[in-house]
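This is what each chain is made of:
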Amino acid sequence: MDEFGVYAVFGPDEAPRQLVHGGKPGKCTVAVKPGVQQIVLFTRGRWDNCTSVTVELNDENDILILLGKLTPFSKCFSWEVWEDGAWSNGATLTVQLEGVKSEPDAALTISQKEYTPECNGAALVPRGGIGKRKRSKDEEEEEDKAKGQENICPNASEKVTPHRRGRNSLRTGQTRLFPQKEEQTATHTPQKPRAKGKQTKTPTQSASVDSPSGRWGQTLCQIDPQTAILIGGQGARMQFCKDPIWKLCTEDLSWVPAETLAEGPTPEARIGHTATYDPESKRIFVFGGSKHKKWFNDVHILDTQSWRWTMVEAQGKVPPLAYHSCTLFRGELFVFGGVFPRPHPEPDGCSNSLYIFNPEMAIWYQPIVNGNKPAPRSGHSACVMQGKIFIFGGWDTPVCFNDMFQLDLCLMEFSAVQTSGSAPSPRSWHGSAVLSDSRFLVHGGYNGNDALSDTFMFNSETSCWTSLTLPPLTSVPRAGHSIITMATACRKDSSDEQEEEFSESSPQTLLIFGGGDNDGSFFSDLITMPVKDLCE
């Protein structure tokens, strides 16, 4: 019992097989036979001479399917055959035993700070596994039809100059947001993610065990001063990411796979969704999005205290939406715009409707709104400041916008904002983040032809735009990326020990993750920058 070992069980009829033993760093690769429906990995013995065990599962083409990590606090996990049948033709399982380290492992440190059920391993467990949502035959048939198809980015046009359409002109057809050159994608090789502030291209789905794969269309939201959660996204060759949920620790900018840190049915893979955190209830609300030809109007809630997913059976009506905006005000979610599906062969349409979700009542409703509403759009940004929602940019084929509207949340009245200064050019799928009570940032995006890299700041008190020259942000064009601001810990010296404190006055840091450059490359880099450098 004292000697440490890693064991695997391949199916219910096979006895446990020891893959790695002893306390020395080691690596073992095992072929998984076709037809194996379940893999169980667990450890036995004392963890004195190792800190963690990383596990990868690759298909017959050596493309990463799943990855995970065993720790002294997460000693086992189970994988069942992936819902897309990714290992039905056989796979390769690689187990890496990490040796003794002078400093605690980042994943281990985070595990000690959070509540995690003892039997939940820090591994990616595909849907269909124990405790996960089961798929119906209709869903399986739909997935089989969609398999191999590229995800259509609604209302994006391929290499056309944006222009306003005439009154009687028709909406053009659908194309991908990021059209890829197959020759270029095929010749690129995966690159290991670099340090913060550096560009990293990840043109294939291969991913490092220590960080997310390159992607666009994901969400990143802060849940406490030290932690953010990454959900969803789509990478190269229009494949949905096999590592959909990650936890970011801002103390050391380390990533931890997080799909099985929580119990309950996880949301199905998607892009164009929103993830909104409520600091009062400490819950993340995931709404909408799309996957292949499938559209969602479901609401999933992640309770970050109990670490449990639940799916809401909401009353009221809300259409399936993607590339919409969602903002939180007084405990309610305000969803505006987005793309909605229409019956074939009609092109998908854009919305300018406002829907509100009340979590306490679990009900959707449409408020009475007055004033000058924005035109229908998707891929826009929205942020709440001073009791108003500011909506900027967006896309409705073939028109790209750079106008701004505000919704007064007390009067429930829309109005156009007359701005001055150096305004951003028309764009959609840009990044946006609130910097202060009266300022927000807009970065990058897509103008119908190219991805952008310029940066602007808007002051709501003066209604003025300011163009910013920031080499870390403007060096690489990107769209569909995530931008958030998080508090930075202030160290406080005491007589006994050094402590870290977070408060509203703590210095803020801007974090930018992922996105694509509209030329076949998707990013997995993490750029950080002090907010004070932007506002000076």
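> Break down the pairing of strand β27 (residues 381-385) for me, citing the residues and quoting the values.
Burial of β27 is one-sided: the residues S381, C383 and M385 facing one way are buried, the residues A382 and V384 facing the other way are not. Of the pairings in the sheet, the one linking β27 to strand β28 (residues 388-396) comprises 5 bridges and is antiparallel in character. What sits directly across from A382, in β28, is I391.

> Any details on the environment of G349? Residues and values, ideally.
Within the fold, G349 resides in strand β23 (residues 349-350). With 28 residues separating them in the primary sequence, G349 and R377 have C-alpha atoms 8.8 Å apart.

> Outline the sheet that holds strand β40 (residues 526-530), listing residues and values.
Read from one edge to the other, the open sheet built from 3 strands follows the order β36-β39-β40, with strand pairing classed as antiparallel. The open sheet is flanked by β36 (482-487) and β40, the only strands paired with a single partner. Averaged over all pairs of adjacent strands, the angle between strand axes in this sheet comes to 25°, irrespective of strand direction. Bridging between strand β39 (residues 508-513) and β40 involves 5 bridges; their strand directions are antiparallel. Directly across from T509, in β40, lies its bridge partner P530.

> Describe the pattern of salt bridges, and please don't skip the residues or the numbers.
In total, this model carries 9 salt bridges according to the counting rule given. Of the charged contacts in the structure, one is a salt bridge between R215 and D243, with a shortest N-O distance of 2.9 Å. Of the two residues, R215 is situated in the loop between α3 (182-187) and β10 (219-224) and D243 in the loop between β11 (227-231) and β12 (245-249); the sequence distance between them amounts to 28 residues. Looking at D243, the relative accessible area reads 3%, which means it is buried. Notably, a salt bridge pairs R270 with D298, separated by 2.9 Å at the nearest N-O pair. Highlighted residues: R270 in the loop between β13 (254-257) and β14 (274-278) and D298 in the loop between β17 (294-295) and β18 (299-303), separated in sequence by 28 residues. Here D298 falls in the buried class, since its relative accessible area comes to 12%. Beyond isolated ion pairs, a larger network of salt bridges with shared partners links E268, K291 and K294.

What counts as what
Residues numbered from 1 in each chain as written. Predicted model: local features only at pLDDT ≥ 70, side-chain atom pairs only at ≥ 80, totals over all residues. Heavy atoms only, no water. Buried < 20%, exposed > 50% of the residue type's maximum accessible area, 1.4 Å probe, protein only. Helix = DSSP H or I, 4+ residues; strand = E, 2+ residues; numbered from the N terminus. Pairing = 2+ DSSP bridges. Axes fitted to C-alpha atoms, helices over the stretch in contact; angles between N-to-C directions. Salt bridge = Lys/Arg side-chain N within 4 Å of Asp/Glu carboxyl O.

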